[in-house]
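Summary of the model geometry
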Amino acid sequence: MGARYISVWFPHLRTDWFALGDPTFHNRPFVLRTTDHGRMVISATNIHAERKGIHKGLVLADARAIVTDLEAIDDIPDISVRILTELAQWCVRFTPVAAVDPDDGLLLEVSGCAHLWGGEQCYMHAIESRLNARGYGVRLGMADTPIVAWAVARFETETLRVETHQLRNILMTLPPEALRIETDAIQRLHKLGLHRIAQFINMPRNVLRRRFGRTLLDQLDKALGDQVDVIVPVVLPSQYIERLPCLEPVATRAGIEFALEELLVALCGKLQREQKGLRQAVFKGYRVDGVTIETKIGTHRPTHHVAHVRKLFENKISQLEPGLGIELFELEAKDIEDNPVEQERIWEKSSGLDDERLNELVDRLLDRGGIEVSRFVAAEHYWPERSFKKSVDVSESPAISWRTDVLRPSHLLSPPELIDVTAPIPDYPPMLFVYEGKIHRVVKADGPERIEQEWWLQQGQHRDYYILEDENGVRYWIFRLGHYHDSNYKWFIHGFFA
C-alpha cells in the first residue's frame, strides 16, 4: 500500500481563532482589518460575512455599506503560522507526521493510521468532527499525493476521499489553480481557454515547458505521484512509537493499564525482532480537552522485556490525570541501543553482574528516586586515589582487572587523614600511632611499599605504605609522605582492611 495524505483546509482560520476568544462572534458577521496603502481593507472574513458578499481585499468602508452592523477587528501579522503550528502539534493524536501547509491548512501523512479508527471514512470523520469541536470549520481531502489532497479539499464542495485508481480522473476535472503553480502561469492558461487540467495534461511536455515553465511539469508529476513531494512535519516522527486510539475516552486506571500493556507488547516485540532495547520510554495520553499528559521511565541497560518496563511504569500511572478522558495513547522509545539475542540467554542461568535481574532491580531502585546505585571498577593508574573509578553501569567491563599481586584495603579514606606516628628508625614500621584521639599499638606490620607519583599527571613526593594491625586485630593502611630524613615528612592513614 502506498502513501496516503490528508489535506486539512481552514477556510476561515483566523476569524475562527478570534471567535474562540469571544463566542458572540460565532453568530454574527465580522472581519479582520489591516492597512493597505493608507486604506483600511479586509484581510479575512468569517462565514456569516462571506455569505453577505463580503470578501478578502474589500475596502472596509465599502463592506460596511453592504453590512451596516459589520464588526471589524485588527488583524495580527503572522498569526496564521502560529495557529497552524499549534494545530499541527495537536493533530499528532491522529498521525505522527503533521505539517503546516501555509497559509490556511495542514498536511497529514496518514499511511497505516486509518485502520486504527475503523477505516479511512471514519478516520476523516473523526479528524473533521474533533476540529469542529475545537471551533474550526474545515474541509478535508484524502489522496495518494499531497497536491491532489490539497486540491480536492479546496475545489470540491465537500470532504472527499480519492481512491488510488481515481487519482488521474479527479485531477483532470480540476482547474489549473489546483496544481499550486504561479499566478502568471494560471492567467496564461485561462487566457488560452485551458480552464481544466484535462485540457492540457496530455499536451507535449516540451510545449508546456516552453509556454508555462518547468514548475507546471514538476507539479503535474508530483500530483500524479511520478515525483516525490516532500513534507516537513512539525514534530519529527520516531521509528519506535506505538499508538492506540480509543473508541470511547478512557478515564480509569484499569483502562490506562490495559492501553499500556497493549502498547508495550507491540513496541517491545518490534525491538526484540530488531535486536534493540530501550533505555528511555515515554507514555503519553491525549485528552479530549486537548491537554497532553505523559510520564517517562529510564532503564539501566537496553531492554525489551515487557514485564520489566511495565513494572517501571506501574508506580507512575497514578500521576496521570485523565480528566474527562483520554482519546489516544502513545508509547515511544526515546533512547535505543543494540540488545543482541545473546543477552537474552541470561534468563536461562545466573550471569553475575550481567544478570538481567540485577539490572532490573537497579532500574526499580533508581525509578523510586533519591537512590544512587553504582560500583567501582579498576582504572589504569598506580596512584591509589586514581586506581579505580565509579561506574553507574553495574555490568560495565573495565579496561583492566583489579590487582591481585598486592593487598589493598576494602575501604579508602578520601582524602587521607593526618596522624601522629612513633617509629624507631628510618624505614621501620611504626610502633604506635594516634588516630581520632586514640592510641593504637602495632602488633603486626608489613612494608614498606613505595608508590611514586605519576609524573605525567602531577608532581610531588612519593609515599611509603605499611599494613598495620593493632592490639584489637584491626588492620590499617598508612603511609609516610616523603623520605624519613626530610624535615617536612608526614604520616597519613589511608584505608582499612576488612
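Provided above is the structure to which this section pertains.
In this report, the structure presented in the accompanying data block is examined. (Residues numbered from 1 in each chain as written. Predicted model: local features only at pLDDT ≥ 70, side-chain atom pairs only at ≥ 80, totals over all residues. Heavy atoms only, no water.)

**So, the overall build of the protein chain**
The condition is simple: Here a helix means four or more residues in a row that DSSP labels H or I, a strand means two or more in a row labelled E, and each is numbered from the N terminus. What the globule rule says is 2.2 Å times the number of residues to the power 0.38, and the radius of gyration is computed from C-alpha atoms. Burial status follows relative accessibility: with a 1.4 Å probe on protein chains alone, a residue under 20% of its type maximum counts as buried, one over 50% as exposed, and anything between as partly exposed. Residue contacts are counted whenever heavy atoms from the two residues lie within 4.5 Å of one another. We get accessible surface area from the Shrake-Rupley algorithm with a probe of 1.4 Å; when it comes to residues, only the shown protein chains can shield them. Lys and Arg are tallied as positive, Asp and Glu as negative. Neither His nor the chain termini are counted. Note on charges: their place is set at NZ of Lys, CZ of Arg, CG of Asp or CD of Glu.
A count of helical and extended segments in the protein chain gives 13 helices and 20 strands. The C-alpha atoms of the protein chain give a radius of gyration of 37 Å, which is well past the 23 Å a tight globule of 498 residues would have. A buried classification covers 44% of the 498 residues belonging to the protein chain. Within the protein chain, counting contacts between residues at least 6 apart in sequence, those at least 24 apart form 56% of the total. Just so you have it, the protein chain exposes about 26,300 Å², and 51% of that area is on carbon and sulfur atoms. Averaging the locations of the 60 positively and 72 negatively charged side chains of the protein chain gives two centres separated by 4 Å.

**Details of the pairing of strand β12 (residues 326-338)**
Rules: Pairs of strands are assigned from DSSP output, requiring at least two bridges between the strands.
Sheet topology note: the strand β9 (residues 241-250)/β12 ladder contains six bridges and is antiparallel. Bridged to P245 within β12 is L328. Of the strand pairs in this sheet, strand β10 (residues 276-287) and β12 are connected by eleven bridges, and their pairing is antiparallel. What sits directly across from Y286, in β12, is L328.

**A word on the pattern of salt bridges**
For clarity, the threshold we go by: By definition here, a salt bridge exists when the distance from a side-chain nitrogen of Lys or Arg to a carboxyl oxygen of Asp or Glu is within 4 Å.
Going through the model one piece at a time under the given rule, you end up with 26 salt bridges. Among the salt bridges present, the one from D221 reaches R205, with a minimum N-O distance of 3.0 Å. With D221 in helix α10 (residues 214-224) and R205 in helix α9 (residues 205-212), the pair connects residues that are 16 residues apart, well separated along the chain. A salt bridge links R463 to E385, with the nearest nitrogen and oxygen atoms 2.9 Å apart. Taken together, the residues span a long stretch of sequence, with R463 in strand β18 (residues 463-470) and E385 in the loop between β13 (375-378) and β14 (388-391) at a distance of 78 residues. Overlapping salt bridges, with partners in common, bring together R4, E120, D144, R161 and E163 in one network.

**Quick notes on unusual backbone geometry**
The residue after S414, namely P415, is reached through a cis peptide bond having omega 0°. One can find P415 in strand β15 (residues 411-422). Its identity is not glycine, yet R180 carries a phi of approximately 60°, on the positive side. Along the chain, R180 falls in the loop between α7 (167-172) and α8 (183-191). Taking the relative accessible area as the measure of exposure, R180 reaches 33% and is therefore partly exposed. Of note in the backbone geometry, E436 takes a positive phi value of approximately 55° without being a glycine. The exposure class assigned to E436 is exposed, which follows from its relative accessible area of 68%.

**What about the nonpolar core?**
The following threshold applies: By nonpolar core we mean a set of buried residues, namely Ala, Val, Leu, Ile, Met, Phe, Trp, Tyr and Cys, connected to one another through side-chain atoms within 4.5 Å.
Formed by 33 residues in total, the largest nonpolar core has its most connected members in V148, L171, L179, I197, F200 and L220. The set of elements that each furnish at least two residues to this core consists of β5 (97-101), α6 (146-155), α7, α8, α9 and α10. Counting residues per element, this core draws most heavily on α6, which supplies six residues. Sequence-distant contacts of L179, that is, excluding residues within four places in its chain, are made with I147, L171, I197, F200, L216, Q219, L220 and A223. Counting 28 residues, the second largest nonpolar core, distinct from the first, contains Y123, I127, V138 and M142.

**A closer look at the sheet that holds strand β8 (residues 160-161)**
Here is the rule we go by: Simply put, an axis is a line fit to the C-alpha atoms, just over the touching stretch for a helix, and the angle between two N-to-C directions goes from 0 to 180 degrees.
Within the open sheet, the five strands sit side by side as β5-β6-β1-β7-β8. Their pairing is mixed. Strand pairing shows two members of the sheet lacking a second neighbour, β5 and β8, which therefore form its edges. Bridge analysis of strand β1 (residues 5-9) against strand β7 (residues 139-143) gives five bridges, and the strand direction is antiparallel. Within the sheet, the bridge partner assigned to W9 lies in β7 and is R139. Contacts between helix α4 (residues 79-90) and the sheet are confined to β5 and β6 (105-109), with β5 contributing the most and set at about 165° to the helix. The sheet strands contacting α6 are β1, β5, β6, β7 and β8, and the helix crosses β7 at an angle near 150°.

**Considering α8**
Where we set the bar: The reported arc concerns the directions from the helix axis to the C-beta atoms and nothing else.
Buried residues of α8: A185, I186 and L189, and no others. Taken around the axis of α8, the buried residues stretch over an arc of 100°, which confines them to a single face. Exposed and oriented more than 90 degrees from the buried face of α8 are T183, D184 and K191. Residues of α8 that are buried in the fold lie against α9. Just downstream of α8 lies G193, where phi reads positive at about 80°.

**As for the packing of α9 against α10**
The test is simple: We call two directions roughly parallel when the angle between them is under 35 degrees, roughly antiparallel when it is over 145, roughly perpendicular when it lies between 65 and 115, and oblique otherwise. In this classification, the charged set is Asp, Glu, Lys and Arg, the nonpolar set is Ala, Val, Leu, Ile, Met, Phe, Trp, Tyr, Cys and Pro, and all remaining amino acids, among them Gly, are polar.
Packing of α9 against α10 leaves a shortest axis separation of 6 Å and a crossing angle of 130°. Compared by their axis directions, α9 and α10 come out oblique. Contact residues: R205, L208, R209 and F212 in α9; R214, L216, L217, L220 and D221 in α10. For the contact of α9 with α10, the per-class residue count stands at five nonpolar, no polar and four charged.

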